[in-house]
Each structure stands twice: as structure tokens, then as C-alpha cells.
Amino acid sequence: MRIGIYPGSFDPLTNGHIDIIERAGQLCDKLIIAVARNTSKHPLFSMEERLEMLETCCSGHNSQLEIVAFEGLLVDFCRGRNVSFIIRGLRALVDFDYEYAIALMNRKLAPEVETVFLMARSEYSFVSSNIVKEVAYFGGDISSLIPQYVHNKLQERLSRKT
Ligand code: ADP
């Protein structure tokens with residue numbers, strides 16, 4: 001059984017993430033989406049909210065999907081769950097340096113775990129959770145870049161903040 005893992009902050013989930021999830025699902029028998037607790041110091045959405053977004057928007061797409069919270073070293077988690085590859089999305093050159101360094105470090109720590117990069121679809125290659133939050137904060141229309149469910153949650157959260 002080929003188990004892949006797609007780790008990230010998903011703060012919040014975007015259509016770019018969903019595209020990677022759908023495509024990664026074709027490459028493995030089981031895909032674990034691992035929501036990182038410790039990468040972002042001040043996430044806009046709590047772990048429970050981010051998990052709920054993924055469950056609501058993605059579980060229908062792939063029955064072999066598992067959505068989990070995760071903290072600590074990714075490679076330790078991979079070893080504990082027999083994960084054979086890590087999926088990462090690459091949007092542009094700016095992603096490359098960071099992703100390259102992490103992939104090499106993970107290989108050093110766990111040579112048996114491969115990192116697989118999927119190129120972002122061109123229509124989402126400029127989409128990041130941070131940009132989506134920033135544009136939404138200033139009232140820009142980001143409705144085509146995130147799922148409706150996430151859009152509602154984002155509007156709700158921002159209206160409470162202002
Ligand atoms: P992180 O905090 O680890 O960067 P993100 O939630 O921002 O987590 O992203 C998780 C993964 O998804 C990363 O590999 C990132 O490059 C990728 N990703 C994010 N947005 C997109 C997108 N629009 N298209 C393709 N991949 C993306």
C-alpha cells in the first residue's frame with residue numbers, strides 16, 4: 001500500500017490546496033492530510049477549524065483520505081505511519097528554495113521517505129493562504145479561490161475582527 005502525506009498549515013484551505021489533494025490522491029492508495037500545529041505562530045483559524053474545513057470540503061473527493069493534526073518532526077510521523085512519500089506543491093520559483101532545503105533535510109533524516117513535488121495549476125499558482133487572508137481583509141473578492149464553506153468562515157471571522 002502506497003501511503004502519501006500532504007502536510008501544511010491550511011490556514012485557510014484554498015482551491016490550490018484542493019487541486020493538489022485531488023492530484024496527489026491519484027498517486028497513492030491512501031493520502032494523509034496532516035495539518036501542522038506548529039508552523040504558524042498565530043494562525044487565523046484554530047486547529048479544529050482547519051480540520052473541519054478539510055473534512056467538509058475534501059472528504060467527498062477521495063475515500064482513501066485521512067485528515068489529521070500533527071506536530072513535531074514530519075519524518076517521525078511518516079515512519080510511525082509507514083508513509084512512503086511526502087507531497088508538496090510548488091507555485092513559483094520563490095517556493096523552490098524553501099522546499100528544496102526542507103526536502104533535503106527530510107531525506108537526510110529519513111532517506112526512505114521520498115518527497116514528490118506537484119506543480120501548481122496555473123490558475124492557482126498565485127494563490128496562497130496568506131494572500132487570500134490579506135485580500136479578504138481589505139474586502140477584495142476571493143470567492144473563486146477558496147471553497148464556499150471556507151469563504152463563509154473567513155467572512156465570519158473577519159467581520160468579528162473589524
Ligand atoms: P506551509 O505552511 O507548509 O507552507 P501551506 O498550507 O501554505 O503550508 O501549504 C501546504 C503545501 O501546499 C505547500 O507545499 C505549498 O507549497 C502548497 N500550496 C499552497 N498553495 C498552493 C497552490 N495555490 N497551488 C499549489 N500548491 C500550493
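Residues numbered from 1 in each chain as written. Predicted model: local features only at pLDDT ≥ 70, side-chain atom pairs only at ≥ 80, totals over all residues. Heavy atoms only, no water.

### Focus: the overall build of the protein chain
In terms of regular secondary structure, the protein chain is built from six helices and five strands. For the protein chain, the sequential pattern of α-helices and β-strands runs β-α-β-α-β-α-β-α-β-α-α. Taking 2.2 N^0.38 as the reference for a compact globule, 162 residues should give roughly 15 Å; the C-alpha atoms of the protein chain span a radius of gyration of 16 Å, in line with that estimate. C-alpha atoms of the protein chain, sized along the principal axes, occupy 45 × 35 × 30 Å. The buried share of the protein chain, reckoned over its 162 residues, is 46%. Long-range pairs, those at least 24 residues apart, make up 76% of the contacts in the protein chain with a sequence separation of at least 6. Per element, the accessible surface of the protein chain, about 9,000 Å² overall, is 52% carbon and sulfur. Positive and negative side-chain charges of the protein chain, numbering 18 and 20 respectively, have mean locations separated by a distance of 3 Å. (Helix = DSSP H or I, 4+ residues; strand = E, 2+ residues; numbered from the N terminus. Rg over C-alpha atoms; globule rule 2.2 N^0.38 Å. Buried < 20%, exposed > 50% of the residue type's maximum accessible area, 1.4 Å probe, protein only. Contact = heavy atoms within 4.5 Å. Areas by Shrake-Rupley, 256 points an atom, 1.4 Å probe, with all protein chains shown as cover. Lys, Arg positive; Asp, Glu negative; His and termini not counted. Charge placed at Lys NZ, Arg CZ, Asp CG, Glu CD.)

### Re the pattern of salt bridges
For the structure on display, the rule yields 11 salt bridges. The partner of arginine 88 in a salt bridge is glutamate 99, and the shortest N-O contact between them spans 2.8 Å. One end of the pair, arginine 88, is in strand S4 (residues 85–90); the other, glutamate 99, is in helix H4 (residues 93–109), and 11 residues separate them in sequence. Here aspartate 95 makes a salt bridge to arginine 91, at a shortest N to O gap of 2.9 Å. Overlapping salt bridges, with partners in common, bring together Asp19, Arg23 and Arg121 in one network. (Salt bridge = Lys/Arg side-chain N within 4 Å of Asp/Glu carboxyl O.)

### Section: the packing of aromatic side chains
Under the criterion given, the structure shown has four aromatic pairs. Measuring from ring centre to ring centre gives 5.3 Å for phenylalanine 96 and tyrosine 100, while their planes differ by 20 degrees; the resulting arrangement is stacked. Here phenylalanine 96 and its partner tyrosine 100 are both found in helix H4, four residues apart, which amounts to about one turn of the helix. For tyrosine 100, a relative accessible area of 45% puts it in the partly exposed group. Taken together, a centroid distance of 5.0 Å and an interplanar angle of 90 degrees make the contact between tyrosine 137 and phenylalanine 138 edge-to-face. Taking the relative accessible area as the measure of exposure, tyrosine 137 reaches 48% and is therefore partly exposed. (Phe/Tyr/Trp six-rings, centres within 6.5 Å; stacked < 30°, edge-to-face > 60°.)

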